[in-house]
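Here is how the chains run, residue by residue.
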2 protein chains.
Amino acid sequence: MARVTIEDVALAAGLSVATVDRVLNGRAAVRPQTAQKVEKAIRQLNYQPDRLAARLAKGQEYRFCFVLPEGNNDFMIGLGEEVRAMASHLVSERVQIDLRLTDVFDAAALAATLDSIGDIYDGVAVVALDHPRVREAINGLVERGVSVVTLVSDVPSSKRVHYAGIDNSSAGRTAATLMGRFLGGKTGKVGLIAGSLSLRDHIERRFGFEQVLAQEFPQLAILPVLESRDDWQRVEKVTAEMLSAHTDLIGIYNVGAGARGIVAALENTGRQKQVTYIAHELTDHTRRALVDGTIDAIINQNAGHEVRSAVRVLMAKADRTPLIEAMEHIRIDIFVRDNLP
Amino acid sequence: MARVTIEDVALAAGLSVATVDRVLNGRAAVRPQTAQKVEKAIRQLNYQPDRLAARLAKGQEYRFCFVLPEGNNDFMIGLGEEVRAMASHLVSERVQIDLRLTDVFDAAALAATLDSIGDIYDGVAVVALDHPRVREAINGLVERGVSVVTLVSDVPSSKRVHYAGIDNSSAGRTAATLMGRFLGGKTGKVGLIAGSLSLRDHIERRFGFEQVLAQEFPQLAILPVLESRDDWQRVEKVTAEMLSAHTDLIGIYNVGAGARGIVAALENTGRQKQVTYIAHELTDHTRRALVDGTIDAIINQNAGHEVRSAVRVLMAKADRTPLIEAMEHIRIDIFVRDNLP
DNA sequence: TAAGCCTTGATAGACGCCTATCAGGAATTG
DNA sequence: CAATTCCTGATAGGCGTCTATCAAGGCTTA
């Protein structure tokens, strides 16, 4: 049951190790019929190159850069931690990961960061803003031979090789379905709070949410969207205003961050139980509120999965190995009080 | 930025490579103070042994065996496929995985299988039945130095090193919460169908479900549990009987497999929309029924994650590397129509 | 037929670590 | 102080692959 080595293949094909290697790595010209002999032997013996030995010999090093938003958004902080964890874990596998923080809301700054991270990287993962300047910056990297993966927030029109994140329109639809079903057949108003209406993920969530609500739960009226810039104090303010303006408010869907602001506003008015509240991203705050019953469901994307998926994709691109698309699909988690991890 | 090698450590510690190696691998007696010098150098240089090189040098091979239930349970078939996929993927990493099928409902057969798979394996993963004979068989393996991981269904009282599966009591609670909330404030009867009341996972799900329903949704009455042995034709029969006996049935929770039987029974009576139906495990059948609206939510455990987690754990045990417990936690997925993967 | 090119073989050395052995010096024992 | 035992150093060879180089034929071309 010993391993099949390149030597066995050479022997079986009646050729030399050097020639087999030439075929395997396309190093030099080999006559087609010779190459066929090699391939036949490989198939017969079911030879699979030892990746450990190969990487050792090649002394391959991967250098990746993760560009994340700065600021105190809980989810993004968690994402950064996952990147760091992955980085230290992968030292022993010859992968180096750098982390850069930048202002996501500022397209120019983000684009500048992307432009500046020169050719020292084999791949870049970025939480992107969908803006022409950013798109151009991504395309620039790709043209220079750097694989780019968008993380959490996509730029579909760019030449990025992959998007590691959830389908936000589906996430919005999911929120709507839960909202509608949790409210039974009740009639009333539903409020929608977004971080920014220029962030692609927020737009898509809103779109999915409104679509399903209008179609399947016409008894629920959606209030005009409020913008919060993902700042929890602002969130609290607008929520409080909304609560006092609409006494028949029975649902809140928070598309972005700043969940604690809503929690605070609800607690201040004592209307936690009357209002069905659906939030995004599992953090310490949202978790506590879910257990308390203030939040009714959390739609989550697993930051760890996203980071690991991004790394896998970047590694696969770096050494041109095919990747199993299905494995890289990021799921939309739903958490209620009872299935919290 | 070159890699730190064992040689660098030796140099920094003012010792020889041989001695550093002795410390690292506990090969021979080394004076404590010498060992400390080595450890200090390792810390200073942040040395991390190259796992690739180490495994190459050791020529380490892992041999694992996965013991799964035979039969035509969709979920288990999927699990088997995941094992095979993982096996072929890991050939290039010197991991060999064998797959054995056995009758899970038969404790003696399962125990016999476990007893028979001798000492050729470094680790065993098993979908276990919680029964004294099985427990003894597991303990026997562990005593012979074979790491055992339980998969999907646990045997907590055994000496298994790990359980790769979901918390089934939480899964049942989750189902109850969804059931209660989806039913709004409606009053009526809820039916519960289990595969077998001797399977630990089914018992726990039932327990969690009944607990939450009794506590939080007292307006819902639970009918006596029906047993189906996970056979969908039997499921259809008992469901049909239940439906005709209880015209005020408004909810069904299927704890085990055989979801298509319930779908068929509901469709035959045309009561799909009146009954809120919560099922386990995402398969082709349940997926279709969820999209159709016959199933209202699916509680799922990700077979791929479970298999990969089991392998990671077995590998970690085999070479005594510590494992990050948090990473091995298997989540309880909730799927509604909109967040299907 | 000589000159050149194309294809293949043979082989050495590297990657970083493991294993084993031998020798010499240090520390311990009587 | 001699005789052990203990600890450390030095070094060779191996794991499977990659890279590079040189030599030896076979073949084409003029």
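Residues numbered from 1 in each chain as written. Chains lettered and ligands numbered in written order. Predicted model: local features only at pLDDT ≥ 70, side-chain atom pairs only at ≥ 80, totals over all residues. Heavy atoms only, no water.

Asker: Explain the packing of helix 2 (residues 17-25) of chain A against helix 3 (residues 32-45) of chain A here, please?
Answerer: The relative placement of two packed helices is expressed as an angle between their axes plus a distance between the axes. Residue and element names in this part refer to chain A. Interhelical geometry of helix 2 versus helix 3 gives an angle of 90° and a closest axis separation of 10 Å. Comparing their axes, helix 3 and helix 2 come out roughly perpendicular. Between helix 2, through Thr 19, Val 20, Val 23 and Leu 24, and helix 3, the contact on the second element is made entirely by Thr 34, Ala 35, Val 38, Glu 39 and Ile 42. Each residue belonging to the contact of helix 2 with helix 3 can be placed in one class, and the counts come to six nonpolar, two polar and one charged. (Axes fitted to C-alpha atoms, helices over the stretch in contact; angles between N-to-C directions. Helix = DSSP H or I, 4+ residues; strand = E, 2+ residues; numbered from the N terminus. Parallel < 35°, antiparallel > 145°, perpendicular 65-115°, else oblique. Contact = heavy atoms within 4.5 Å. Nonpolar A, V, L, I, M, F, W, Y, C, P; charged D, E, K, R; others polar.)

Asker: Hey, could you run me through the protein's contact with DNA strand D in this one?
Answerer: Taken together, the neighbourhood of DNA strand D is formed by 26 residues, with A:Ile6, A:Arg27, A:Tyr47, B:Thr19 and B:Thr34 sitting nearest. The sugar-phosphate backbone supplies 71% of the atoms of DNA strand D found within 4 Å of the protein. Between DNA strand D and A:Asn25 there is a distance of 3.3 Å, counted from a phosphate oxygen to a side-chain nitrogen or oxygen. At the level of elements, helix 2 and helix 4 (51-58) of chain A together with helix 2 (17-25) and helix 4 (51-58) of chain B are the ones that each hand at least two residues to the surface near DNA strand D. Here the surface near DNA strand D takes four residues from helix 4 of chain A, the largest share from any one element. (Near = heavy atom within 4 Å. Polar contact = N/O pair within 3.5 Å; in protein donor to acceptor, adjacent residues only side chain to side chain.)

Asker: Can you walk me through the relation of the copies chain A and chain B in this structure?
Answerer: Look at the two chain copies: a rotation about an axis and a shift along it is all it takes to match them. Relative to chain B, chain A is turned by 180° and slid 0.1 Å along the rotation axis, the superposed coordinates differing by an RMSD of 0.2 Å. The transformation relating the two chain copies, once decomposed into turn and shift, fits a two-fold axis. Looking at the rotation axis and the C-alpha trace of chain A, the residue lying nearest is A:Gly184, at 2.3 Å. (Least-squares fit on C-alpha atoms with pLDDT ≥ 70 in both.)

Asker: Would you explain the protein's contact with DNA strand C in this entry?
Answerer: Taken together, 26 residues form the shell around DNA strand C, and within it A:Thr19, A:Thr34, B:Ile6, B:Arg27 and B:Tyr47 come nearest. If you look at DNA strand C and keep only atoms within 4 Å of the protein, 70% of those are sugar or phosphate atoms. Contact distances for DNA strand C include 2.7 Å between a phosphate oxygen and a backbone N or O atom of B:Ile6. The side chain of B:Tyr47 places a nitrogen or oxygen atom 2.7 Å from a phosphate oxygen of DNA strand C. Mapped onto the surface near DNA strand C, the elements with two or more residues apiece are helix 2 and helix 4 of chain A together with helix 2 and helix 4 of chain B.

Asker: How do you make sense of the interface of chain A and chain B when you look at a structure like this?
Answerer: One frequent convention defines the size of an interface as the accessible area lost when the parts assemble. Facing 44 residues of chain A, the contacting portion of chain B comprises 44 residues. Around 4000 Å² of area is buried between chain A and chain B when both sides are counted, 51% of it from carbon and sulfur atoms. The largest per-residue losses of area from chain A upon contact with chain B belong to A:Leu52, A:Arg181 and A:Asp338, which jointly make up 18% of the total buried on that side. Inspection of the region where chain A meets chain B yields nine salt bridges. Within the residue set of the side of chain A that touches chain B, elements represented by two or more residues are helix 4, helix 8 (168-182), helix 9 (200-216), helix 13 (303-318) and strand 12 (333-335) of chain A. Partitioned by chemical class, the residues of the side of chain A that touches chain B number 15 nonpolar, 13 polar and 16 charged. (Buried area = accessible area lost by both parts, 1.4 Å probe. Salt bridge = Lys/Arg side-chain N within 4 Å of Asp/Glu carboxyl O.)

Asker: Please explain the domain arrangement of chain A as it appears in this structure.
Answerer: Residue and element names in this part refer to chain A. If you check the domain split of chain A, you get domain 1 (6-49), domain 2 (60-165 + 303-330) and domain 3 (168-300). Using C-alpha coordinates to define each centre, domain 2 is positioned 29 Å away from domain 3. Taken together, the contacts link eleven residues of domain 2 with twelve residues of domain 3. Taken over both partners, the interface formed by domain 2 and domain 3 buries close to 990 Å², and the fraction arising from carbon and sulfur atoms is 56%. For the domain 2 face of the interface with domain 3, the top three residues by lost area are Asp 74, Phe 75 and Phe 105, together amounting to 47%. (Domains from an automatic or database assignment.)

Asker: Looking at this model, I keep getting lost on the side chain of B:Asp338. Mind explaining?
Answerer: Looking at the secondary structure, you find B:Asp338 in the segment after strand 12 (333-335). Note on B:Asp338: relative accessible area 8%, which makes it buried. Within the structure, B:Asp338 has its side chain in polar contact with the side chain of A:Thr177 (distance 2.3 Å). Excluding anything up to four places from it in sequence, B:Asp338 contacts A:Ser170, A:Arg173, A:Thr174, A:Thr177 and A:Val212. (Buried < 20%, exposed > 50% of the residue type's maximum accessible area, 1.4 Å probe, protein only.)

Asker: Please clarify how the nonpolar core should be interpreted in this entry.
Answerer: Buried together is how nonpolar side chains tend to be arranged in soluble globular proteins. By size, the foremost hydrophobic cluster in this structure holds 54 residues, and its most contacted members are A:Leu178, A:Phe209, B:Leu178 and B:Phe209. Those residues in contact with A:Leu178 that sit more than four places away from it in its chain are A:Ile278, A:Ala297, A:Ile299, A:Ile334, B:Phe182 and B:Val336. (Core = buried A, V, L, I, M, F, W, Y, C linked by side-chain atoms within 4.5 Å.)

Asker: What's the story with the environment of A:Ala10 in this structure? I'm lost.
Answerer: All names here are of chain A. Locating Ala 10 in the fold gives a position in helix 1 (residues 6-13). For the pair Ala 10 and Asp 21, spaced eleven residues apart in sequence, the C-alpha separation works out to 9.0 Å. Once you skip the residues sitting within four places of it in the chain, Ala 10 turns out to touch Leu 15, Ser 16, Val 17 and Val 20.

Asker: Can you help me understand the packing of aromatic side chains in this one?
Answerer: Pairs of aromatic rings are described using the distance from one ring centre to the other and the angle between the two planes. This model, assessed by the stated rule, comprises five aromatic pairs over all chains. Taking 4.4 Å as the distance between ring centres and 25° as the angle between the ring planes, the aromatic pair formed by B:Phe209 and B:Tyr253 counts as stacked. Of this pair, B:Phe209 sits in helix 9 (residues 200-216) while B:Tyr253 sits in strand 9 (residues 249-254), and the two are 44 residues apart along the sequence. On the basis of relative accessibility, which here comes to 0%, the residue B:Phe209 falls in the buried class. For the cation-ring pair, A:Arg181 lies above B:Phe182, with the distance from its terminal atom to the ring centre recorded as 4.3 Å. Sitting over the ring of A:Trp232, A:Arg260 keeps its end group 4.1 Å from the ring centre. (Phe/Tyr/Trp six-rings, centres within 6.5 Å; stacked < 30°, edge-to-face > 60°. Lys NZ or Arg CZ within 6 Å of the ring centre and 35° of its normal.)

Asker: So what exactly am I meant to see when it comes to the sheet that holds strand 3 (residues 123-126) of chain B here?
Answerer: In sheet architecture, strand pairing relies on hydrogen bonds along the backbone and comes in two forms, parallel and antiparallel. Residues and elements named next belong to chain B. If you walk across this open sheet you meet the five strands as 2-1-3-4-5, and the pairing is parallel. Here the strands that pair on one side only, and so sit at the sheet edges, are strand 2 (95-102) and strand 5 (162-164). Within the sheet, the average angular offset between the axes of one strand and its neighbour, ignoring direction, is 20°. Sheet topology note: the strand 4 (residues 147-151)/strand 5 ladder contains three bridges and is parallel. When the bridges of strand 5 are listed, Leu 151 appears paired with Ala 164. Across the sheet, helix 5 (residues 74-90) lies against strand 1 (62-69), strand 2 and strand 4, angled at about 160° from strand 2, the strand it touches most. Helix 6 (residues 107-116) rests against strand 1, strand 2 and strand 3 of the sheet, and its axis sits at about 155° to strand 2. (Pairing = 2+ DSSP bridges.)

Asker: Would you mind showing me how to read the side chain of B:Thr239 here?
Answerer: Residues and elements named next belong to chain B. Examined against the element boundaries, Thr 239 turns out to sit in helix 10 (residues 232-245). Take Thr 239: its relative accessible area is 0%, and that puts it in the buried class. If sequence neighbours within four positions are ignored, Thr 239 has contacts with Ile 193, Ile 252, Ile 262 and Ala 265.

Asker: What's the story with the environment of B:Arg320 in this structure? I'm lost.
Answerer: Looking at the element boundaries, B:Arg320 is found in the loop between helix 13 (303-318) and strand 12. Along the chain, B:Arg320 and B:Thr247 lie 73 residues apart, while their C-alpha atoms are 58 Å from each other.

Asker: What am I meant to see in helix 11 (residues 259-269) of chain A here?
Answerer: Every α-helix carries 3.6 residues per turn, so stepping three or four residues along brings you back to the same face. All names here are of chain A. For helix 11, every residue scored as buried is listed here: Ala 259, Gly 261, Ile 262, Val 263, Ala 264, Ala 265 and Leu 266. Contacts made by the buried residues of helix 11 are with strand 6 (188-194), helix 10 (232-245), strand 9 (249-254), strand 10 (276-280) and helix 12 (284-292). In the stretch just after helix 11, Gly 270 is the one whose phi turns positive, near 70°.

Asker: Please clarify how the packing of helix 4 of chain A against helix 4 of chain B should be interpreted in this entry.
Answerer: Running from amino to carboxyl end, helix 4 of chain A crosses helix 4 of chain B at an angle of 125°, the nearest separation of the two axes being 9 Å. Comparing the axis directions of helix 4 of chain A and helix 4 of chain B gives the class oblique. For the crossing formed where helix 4 of chain A meets helix 4 of chain B, the hand is left-handed. In this structure, helix 4 of chain A uses A:Leu52, A:Ala53, A:Arg55 and A:Leu56 to contact helix 4 of chain B, whose residues at the interface are B:Leu52, B:Ala53, B:Arg55 and B:Leu56. Per-class residue counts for the contact of helix 4 of chain A with helix 4 of chain B are six nonpolar, no polar and two charged. (Left-handed = near helix turned anticlockwise from the far one by under 90°.)

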